[in-house]
Structures are given as C-alpha cells and as structure tokens.
Amino acid sequence: MEIQKKETSLLKGLPLRSRTHFVVLITAIVMLAVFLCAGPAGAGSLKDLYATGLVDLDLSLEIGGDEVEDDEAILFTVSGFAIDAKGNIYISDGRLYCIKVFDSSGNWLKTIGREGEGPGEFRGGGEIVIDNTGRIIAHDFQNKRFQFFSAEGEYLDTRLFQDGVDNMTVGPDGDIYLDLQEFDFMDPNGVNWLRLVRMSGDLTGPETVDSTSVKFWEMVRTGDAITMASVPFPPDLEWAVADNGNIIVGRSDKYSLRILSPEYELLGEIKRDVQPPPVTDADKEAYFESFERNGQSGLSPAMKNAMNFPRNKPYFDDIVVDWDGTILVRWTEPVDEIPVYDVFD
C-alpha cells in the first residue's frame, strides 16, 4: 500500500484495528471520526499510536438509551450530529423533528425546532454542521431545504435545496462541502450521479469538486411483472477535507484516492493493489433482512430470486483525516467484527 506523490516519493500505510467505543447514541452508531478529527488544542501526532496496530477506545459518554429519565434526552432516530468549539453536542432526530443539544457531559441543554414546514420547523432529520462563526446549518430533508440557526438556537434563514445530502462538513475557510445524490427515477437504466460540491458558507455559488455516475437500481422480472429493484452494495463517492484545506476523494469500488489542493490541483494519489471483499451468502441474507428491519414487509421470494448481486463489495466505506493530517481509510469488511483502517501519513 502506498501513496504515490508527484515527486515519486512513497509513503507506507499501516493497518489499524480499532475497538471504537467513544460516543454511543441510541442507535449504537459509533463515531471514530469524533476522536480523530476533533483533537484538543495542542494535541500531538497519533502516528506512534497508529503504529501499534490496535487502538482501544473506552466508552466515555453515552447519550440516549433505555434508562433515560429526562424526556428531553430521549432519542429515536439519529440523522446527524455535530460538536461545537465548546464541546456541546448537536443531534438531529428524524422522528422527533428537531435538534437536541447536550453539553460535553451529555446533559440536555435545549431543543431546537419542532415538526412542521414553517421557519425553524422540520419534516424529518438530516445532516448538521456548526460553521466557523458558530451558526448551526441543518439539512431539512423532507422540506427540501437547509435552515440556519444562531449559536443560541434562534432561527436565522432558509435555503431551498432539492438534492439529497449524504454527508456535509465545513472547510477551514468556512466553505461548506456537500455530498449530493442526484436521482432521476425516470431513468430506465437506474444511473444517477454522486457529486462532491463546495459552496460558500451561505450555500451559494456551488462548485463541483468531483462526481461519478452510479447505478442504484435496475428493472428485474418477477414472474409476469417487471419491477424496479435496488442494486445491492453500490459504490459511493467517499471524501474528507483536511485542516489545511486539502481534499481527499475517491470512488469506493476503486482503491485509488486523489489528494487535491484547495484550488483542486492534484497533489498525489493513494493506490492499493488489493482484492475487494466478496459478496457472500451471509451478506445476501443480511441484505434481505434489512428490508424487514427498516419496518418494511420484506422482499417476496420472487424478488429475492431476481435480485442481481455484484461479485464484490466496495473496498472501503469511509475516509477520515485526523488533526495531524494523517489519512485513514476504513475497510468495508471488518475483521472479527473490529473495524480496520489503512493509515497513510
């Protein structure tokens, strides 16, 4: 595994296993990115830690869960979260139609928004970020817009936005980076676009940093009928923005990442000559079961038989850059249920 830079120098990567127990929300989502990206002021390099090959993170904070006594601290569906400069935690709840704010010890501070379509109201959850001025920017998915709130939670403004947003972050210059999903349900080939877009802090003047077309669904025959079915394990456009403004981006079914300057100049590439993980029978069963877990009735036997699974899954499913500029690429397939990262300096 290596980084190929324009000057032809090579930098080696290190595998990293991580038992991630840092912040546990009611959905049991664990965010290693909090640990890696939100380093304390004056924090040193983690390279010596990475070189040990195993990072063991202890549980330090849990929000939500079955034993919550305060109704205001109850969480149902975590759609996004962010942490401000004071360590306060903002959690978007897609079922409660609001953003709940907790201090760094997990104590509830306030709730922003309620169900509805008016200013400051939400119809479903979405990604949230805290910009460099302390404003809260929240994606209101069902209402197809972004909403801006002050650091105190007061409603400020709205920007209409039609596309789906899968990821969002604030760059060091205050620009907003968005991972957009552009769907065309009328496309008979099921081909749609994933775009990494850079916008101003007020979500104007979009620039496309990178894009790729992905097949998300296809027409399959089930008996005498033709039905639209999702494509299992599609690739994604993974990316991260470093503290110096460099952008790391790559399509997850090709282990080839590009490192771009803030002006989009190609600085280098990360490539690995490895085999992607195969799609197993257990993966197929888990995929079928996911439709039942999501509250749906499940797939019919005819649909299961007609489903076309790819031979392999994507190589990786996340990219993280820590405060020291080290790049971590998470394998799609864990080892012994432990997440594994390739680490590049």
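All of the points below concern the structure found in this document.

Rules and cut-offs
- Residues numbered from 1 in each chain as written.
- Predicted model: local features only at pLDDT ≥ 70, side-chain atom pairs only at ≥ 80, totals over all residues.
- Heavy atoms only, no water.
- Helix = DSSP H or I, 4+ residues; strand = E, 2+ residues; numbered from the N terminus.
- Contact = heavy atoms within 4.5 Å.
- Areas by Shrake-Rupley, 256 points an atom, 1.4 Å probe, with all protein chains shown as cover.
- Pairing = 2+ DSSP bridges.
- Axes fitted to C-alpha atoms, helices over the stretch in contact; angles between N-to-C directions.
- Phe/Tyr/Trp six-rings, centres within 6.5 Å; stacked < 30°, edge-to-face > 60°.
- Buried < 20%, exposed > 50% of the residue type's maximum accessible area, 1.4 Å probe, protein only.
- Salt bridge = Lys/Arg side-chain N within 4 Å of Asp/Glu carboxyl O.
- Patch = residues over 30% accessible without salt bridge, like charges linked within 9 Å, V, L, I, M, F, W, Y side chains within 5 Å.
- Lys, Arg positive; Asp, Glu negative; His and termini not counted.
- Charge placed at Lys NZ, Arg CZ, Asp CG, Glu CD.

## Overview of the overall build of the protein
Here is step 1 of the chain: A count of helical and extended segments in the protein gives four helices and 28 strands.
Here is step 2 of the chain: Excluding contacts between residues fewer than 6 apart, the proportion of contacts in the protein whose partners are at least 24 apart in sequence is 49%.
Here is step 3 of the chain: A total accessible area of about 17,600 Å² is found for the protein, and carbon and sulfur atoms account for 48% of it.

## Re the sheet that holds strand β8 (residues 98-102)
Here is step 1 of the chain: The strand order β6-β7-β8-β9 describes an open sheet built from four strands, whose pairing is antiparallel. Edge positions in the sheet fall to β6 (78-83) and β9 (108-112), since each of these pairs with one other strand and no more. In this sheet, neighbouring strand axes are inclined to one another by 20° on average, regardless of whether the strands run parallel or antiparallel.

## Quick word on the sheet that holds strand β16 (residues 164-170)
Here is step 1 of the chain: Strand order in this open sheet of four strands is β16-β17-β18-β19, and the pairing throughout is antiparallel. Only two strands of the sheet have a single partner each, and these edge strands are β16 and β19 (207-215). On average, each strand axis in the sheet is tilted by 15° relative to the strand beside it, whichever way the strands run.
Here is step 2 of the chain: By the bridge criterion, seven bridges tie strand β17 (residues 176-182) to strand β18 (residues 191-199) in an arrangement that is antiparallel.

## Some remarks on the pairing of strand β27 (residues 327-331)
Two faces belong to every sheet, and in a regular strand the side chains alternate between them.
Here is step 1 of the chain: Pairing of strand β26 (residues 316-321) with β27, which is carried by five bridges, proceeds in the antiparallel orientation. If you follow Ile-319 over to β27, its bridge partner there is Val-329.
Here is step 2 of the chain: Remark: five residues form the turn of the hairpin made by β26 and β27, two consecutive strands paired antiparallel; Gly-325 in that turn has positive phi of roughly 90°.

## Side note on the packing of aromatic side chains
Here is step 1 of the chain: Counted by the stated rule, this structure contains 12 aromatic pairs.
Here is step 2 of the chain: Arranged with centres 6.4 Å apart and planes meeting at 45°, the rings of Phe-233 and Phe-309 form a pair that is tilted. Of this pair, Phe-233 sits in the loop between β21 (225-230) and β22 (237-241) while Phe-309 sits in the loop between α4 (301-306) and β26, and the two are 76 residues apart along the sequence.
Here is step 3 of the chain: Looking at Phe-233, the relative accessible area reads 25%, which means it is partly exposed.

## A few points about the pattern of salt bridges
Here is step 1 of the chain: As enumerated under the stated definition, the model contains 16 salt bridges in all.
Here is step 2 of the chain: As a salt-bridge pair, Glu-117 and Arg-123 come within 3.6 Å of each other at their nearest N and O atoms.
Here is step 3 of the chain: The exposure class of Glu-117 is exposed, given its relative accessible area of 56%.
Here is step 4 of the chain: Across the pair Arg-251 and Asp-253 runs a salt bridge whose closest N-O atoms are separated by 2.8 Å.
Here is step 5 of the chain: For Asp-253, a relative accessible area of 30% corresponds to the partly exposed category.
Here is step 6 of the chain: One salt-bridge network, held together by shared partners, links Glu-115, Glu-117 and Arg-123.

## A short note on unusual backbone geometry
Here is step 1 of the chain: Residues other than glycine seldom take positive phi values, yet Tyr-97 does so here, at roughly 60°.
Here is step 2 of the chain: As for its position among the elements, Tyr-97 is in the loop between β7 (89-93) and β8.
Here is step 3 of the chain: In this structure, Glu-337 is a non-glycine residue whose phi angle is positive, near 65°.
Here is step 4 of the chain: Relative to the assigned elements, Glu-337 resides in the loop between β27 and β28 (340-344).

## Overview of a nonpolar patch on the surface
Here is step 1 of the chain: Together, Met-219, Ile-226 and Met-228 line one region of the surface with nonpolar side chains, adding up to about 290 Å² of accessible area.
Here is step 2 of the chain: Structurally, Met-228 is set in strand β21.

## Overview of the side chain of Asp-236
Here is step 1 of the chain: Turning to its location among the elements, Asp-236 is positioned in the loop between β21 and β22.
Here is step 2 of the chain: No salt bridge is formed by the buried Asp-236. Its closest oppositely charged neighbour is Arg-251, at 9.0 Å.
Here is step 3 of the chain: When neighbours within four sequence positions are excluded, Asp-236 is seen to be in contact with Asp-166, Asp-179, Leu-194, Gly-250, Arg-251 and Ser-252.

## Remarks on a negative patch on the surface
Here is step 1 of the chain: A cluster of acidic side chains, namely Asp-281, Glu-285, Glu-289 and Glu-292, defines a negative patch on the protein surface.
Here is step 2 of the chain: As for its placement among the helices and strands, Glu-289 is situated in helix α3 (residues 281-293).

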